[in-house]
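Structural overview
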Amino acid sequence: ALARALDAVPPNVVHMAKPAAVSLTQSSELGAVYALDEVKAIASLAHERGLAMHMDGARFANALARLGCSPADLTWRAGVDVLSFGATKNGALAAEAVVLFDKTKRERLAYLHKRGGHLLSKMRFISVQLEAYLKDDLWLRNARHANRMAARLAEGLGAVDGAELAHPVEANEVFVRLPDSAIAALAKDGFGFIRWGGAGSTLIRLVAAHNTREADVEAFLAAASRHAGAGRRRA
């Protein structure tokens with residue numbers, strides 16, 4: 001699909017935007033995790049076409065926890081040129097880092113950083129979080145916990161009447177279809193989630209975090225089962 005998309009860009013036409021990079025989100029917005037061979041294949045094609053390979057790693061820790069490989073295996077050894085290393089979705093506050101695997105681009109990035117408006121005053125107070133985040137693999141422990149909680153949600157929802165998982169659960173996100181009456185009742189109970197696709201959608205997104213409590217997961221599953229069962233009896 002990527003090759004076809006690149007082939008569709010006409011060469012030497014100044015009125016068309018010229019591709020410069022491939023950006024891969026790991027793990028994706030739908031909770032999918034790219035396997036190592038998939039990352040390598042995409043990076044190989046990108047480099048063949050003269051494109052840089054960028055990895056959006058806002059949920060990089062969750063993907064790494066799923067795959068059980070090293071950070072190096074999932075990035076530069078697989079052909080990734082630059083990684084957006086996210087910590088905000090895994091316990092930190094507004095802390096992100098750009099990791100360049102080609103040191104020759106370091107100086108240019110510093111100017112892009114400033115020009116893009118991301119050079120914050122007293123940034124060291126944000127950046128210092130990364131020391132605690134990485135120490136003793138705290139970031140991976142956080143991610144493993146989030147992934148476990150998502151897996152438990154998926155397992156429990158599999159036994160709920162009328163529930164249907166929309167995507168495989170590979171990281172910390174769960175997309176599930178539920179009866180509208182059950183969704184409304186869960187919201188009334190105080191559970192927070194997003195209706196994926198708009199107000200009338202029966203597809204909801206659940207996201208487990210580093211601090212998601214097992215008791216809260218079990219409470220959600222019990223409520224979902226209760227409300228779905230009540231809806232079936234009314235029907």
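Residues numbered from 1 in each chain as written. Predicted model: local features only at pLDDT ≥ 70, side-chain atom pairs only at ≥ 80, totals over all residues. Heavy atoms only, no water.

With that out of the way, let us pick up the sheet that holds strand E8 (residues 203–207). The strand order E5-E6-E8-E7 describes an open sheet built from four strands, whose pairing is antiparallel. The open sheet terminates on both sides in strands that have one partner only, identified here as strand E5 (164–165) and strand E7 (194–195). Here five bridges tie strand E6 (residues 173–177) to E8, and the two strands are oriented antiparallel to one another. From the neighbouring strand, glutamate 173 faces E8, where its bridge partner is valine 207. (Pairing = 2+ DSSP bridges. Helix = DSSP H or I, 4+ residues; strand = E, 2+ residues; numbered from the N terminus.)

Of all five residues in E8, four are buried; the element is thus mostly enclosed. Pairing between E7 and E8: two bridges, direction antiparallel. Bridging across to E8, isoleucine 194 finds its partner in arginine 205. (Buried < 20%, exposed > 50% of the residue type's maximum accessible area, 1.4 Å probe, protein only.)

Cis geometry marks the peptide bond from glutamine 26 to serine 27, where omega comes out at -5 degrees. As for its placement among the helices and strands, serine 27 is situated in the loop between strand E1 (21–25) and helix H2 (36–48). Even without being glycine, asparagine 12 reaches a positive phi, approximately 60 degrees. For asparagine 12, a relative accessible area of 81% corresponds to the exposed category. Despite not being glycine, aspartate 137 shows a phi value in the positive range, around 60 degrees. Take aspartate 137: it is sitting in the loop between helix H7 (129–134) and helix H8 (138–157).

Once that is clear, we can look at the packing of helix H3 (residues 60–67) against H8. Between H3 and H8, whose axes approach to 8 Å, the crossing angle comes to 75 degrees. Comparing the axis directions of H3 and H8 gives the class roughly perpendicular. Contacts between H3 and H8 involve Phe60, Ala61, Asn62, Leu64, Ala65 and Arg66 on the former and, on the latter, Trp139, Leu140, Ala143, Arg144, Ala146 and Asn147. Classifying every residue of the contact of H3 with H8 gives eight nonpolar, two polar and two charged. (Axes fitted to C-alpha atoms, helices over the stretch in contact; angles between N-to-C directions. Parallel < 35°, antiparallel > 145°, perpendicular 65-115°, else oblique. Contact = heavy atoms within 4.5 Å. Nonpolar A, V, L, I, M, F, W, Y, C, P; charged D, E, K, R; others polar.)

Evaluated as defined, the whole model comprises twelve salt bridges. Of the charged contacts in the structure, one is a salt bridge between arginine 77 and aspartate 73, with a shortest N-O distance of 3.0 Å. Exposure remark for arginine 77: the relative accessible area of 47% places this residue in the partly exposed category. Across the pair arginine 152 and glutamate 155 runs a salt bridge, and its minimum N-O distance is 2.9 Å. With arginine 152 and glutamate 155 both in helix H8 and three residues apart, this pair spans about one turn of that helix. On the basis of relative accessible area, arginine 152 is assigned to the partly exposed category, the value being 27%. Within this structure, Glu29, Arg59, Glu173 and Arg205 form a network of salt bridges that share partners. (Salt bridge = Lys/Arg side-chain N within 4 Å of Asp/Glu carboxyl O.)

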